[in-house]
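What the coordinates show
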Amino acid sequence: QGGRVVEYEYGDTKYSLIGAPGRGPIPVFGPFHPGIQAFEFLSMLVLISTIYTTPLALGFEKFERALRAVDLSTDLFFLCDCARVFNTGFVVGEEIFFRRDDIARLYLKSWFCVDFFSSVPYGQLLKLLSSGTDAPEWLTSGKKMVKALRLLRLAKLLKLMRMSRIIVKLRG
């Protein structure tokens, strides 16, 4: 712990561990932990389903209504994934960082914005905001609301950028 550096071998690569995996109430898991890799594989499967469901929901109102629960479940899954990343060691080159401050700094500088903003359930938030009596007119008017929802759904396609990152991790 502290500044101690330990060597770790995974596959054909040797890594220097910066910090140590946490053992507190919320542990910091290693990026090669079988549970983390299974979660990454599940993430890739959910992303593949997003490739098909997002264009259907964008193009056809009938599919949008039918896929509403799937869409919300996907958003919640990826919001949980954002929390998971803050609790998983971060690989940079041949170093694995286990200190929470390093993990947070590295994640916030890299994929956090894409991960978080593509996972926010904008449709449900807009509907919640528009249901109040003090809601702005643009939120409560029918056509404008539908157009705003459709534009915000495009942010979901940002999740596809994650696919390359997950494939690289799974190959490692």
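Residues numbered from 1 in each chain as written. Predicted model: local features only at pLDDT ≥ 70, side-chain atom pairs only at ≥ 80, totals over all residues. Heavy atoms only, no water.

Looking only at helices and strands, the protein features 9 helices and 4 strands. Listing every helix and strand of the protein by position from the N terminus yields β-β-α-α-α-β-β-α-α-α-α-α-α. Contacts in the protein between residues at least 24 apart in sequence constitute 68% of all its contacts with a sequence separation of at least 6. A total accessible area of about 10300 Å² is found for the protein, and carbon and sulfur atoms account for 66% of it. (Helix = DSSP H or I, 4+ residues; strand = E, 2+ residues; numbered from the N terminus. Contact = heavy atoms within 4.5 Å. Areas by Shrake-Rupley, 256 points an atom, 1.4 Å probe, with all protein chains shown as cover.)

Scanning the entire structure with this criterion turns up 10 aromatic pairs. Between Tyr8 and Phe32, the ring centres sit 6.3 Å apart and the planes meet at 10 degrees, which makes this aromatic pair stacked. Here Tyr8, found in strand E1 (residues 5–10), pairs with Phe32, found in the loop between strand E2 (13–18) and helix H1 (34–59); they are 24 residues apart in sequence, far enough to count as distant. Relative to Phe77, the ring of Phe39 has its centre 5.0 Å away and its plane inclined at 15 degrees; by these criteria the two rings are stacked. Of this pair, Phe39 sits in helix H1 while Phe77 is found in helix H3 (residues 68–85), placing the two residues 38 residues apart along the sequence. On the accessibility criterion, Phe39 (22% relative accessible area) is partly exposed. With a relative accessible area of 17%, Phe77 lands in the buried category. Here a set of aromatic residues connected by ring pairs shows up, and it is made of Phe86, Tyr107, Phe112, Phe116 and Phe117. (Phe/Tyr/Trp six-rings, centres within 6.5 Å; stacked < 30°, edge-to-face > 60°. Buried < 20%, exposed > 50% of the residue type's maximum accessible area, 1.4 Å probe, protein only.)

In this section: the side chain of Thr88. Note on placement: Thr88 falls in the loop between H3 and strand E3 (90–92). For Thr88, a relative accessible area of 3% puts it in the buried group. Among the polar contacts listed, one links the side chain of Thr88 to the backbone oxygen of Arg84, at a separation of 2.9 Å. (Polar contact = N/O pair within 3.5 Å; in protein donor to acceptor, adjacent residues only side chain to side chain.)

For the rest of this paragraph, the subject is helix H4 (residues 100–109). Among the residues making up H4, those that are buried are Asp102, Ile103, Leu106 and Tyr107. Buried residues of H4, seen end-on, are gathered within an arc of 120 degrees and therefore sit on one face of the element. Opposite the buried face of H4, by more than 90 degrees, sit the exposed residues Asp101 and Lys109. (Arc of directions from axis to C-beta.)

Turning to the pattern of salt bridges, a few remarks are in order. Counted under the stated rule, the structure contains 4 salt bridges. Between Arg105 and Asp102 there is a salt bridge whose closest N-O contact spans 3.0 Å. Here the residue Arg105 and the residue Asp102 both occupy positions in helix H4, the gap between them amounting to 3 residues, near one helical turn. With relative accessibility at 10%, the residue Asp102 sits in the buried group. The structure contains a network of salt bridges with shared partners spanning Glu40, Asp81 and Arg84. (Salt bridge = Lys/Arg side-chain N within 4 Å of Asp/Glu carboxyl O.)

Chain-level statistics for the protein give a pLDDT mean of 79 and a share of 72% at 70 or above. Put simply, helix H7 (residues 137–140) is where the protein has its lowest mean pLDDT, 58, and H4 is where it has its highest, 94. (pLDDT = per-residue confidence, 0-100.)

All right, on to the nonpolar core then. By size, the foremost hydrophobic cluster in this structure holds 8 residues: Ile18, Cys82, Val85, Phe90, Phe97, Leu106, Tyr107 and Phe112. Each residue touching Phe90, except ones within four places of it in the same chain, is listed here: Glu95, Ile96, Phe97, Ile103, Leu106, Tyr107 and Ser110. Of all hydrophobic cores here, the second largest spans 7 residues; its members include Tyr15, Phe32, Ile96 and Phe98. (Core = buried A, V, L, I, M, F, W, Y, C linked by side-chain atoms within 4.5 Å.)

Relative to the helices and strands, Asn87 is located in the loop between H3 and E3. Taking the C-alpha atoms as reference, Asn87 lies 6.7 Å from Pro27; in sequence the two are 60 residues apart. Beyond its immediate chain neighbours, meaning those up to four positions away, Asn87 contacts Ile26, Pro27, Val28, Phe29 and Arg100. Among the polar contacts made by the side chain of Asn87, one reaches the side chain of Arg100 at a distance of 2.4 Å.

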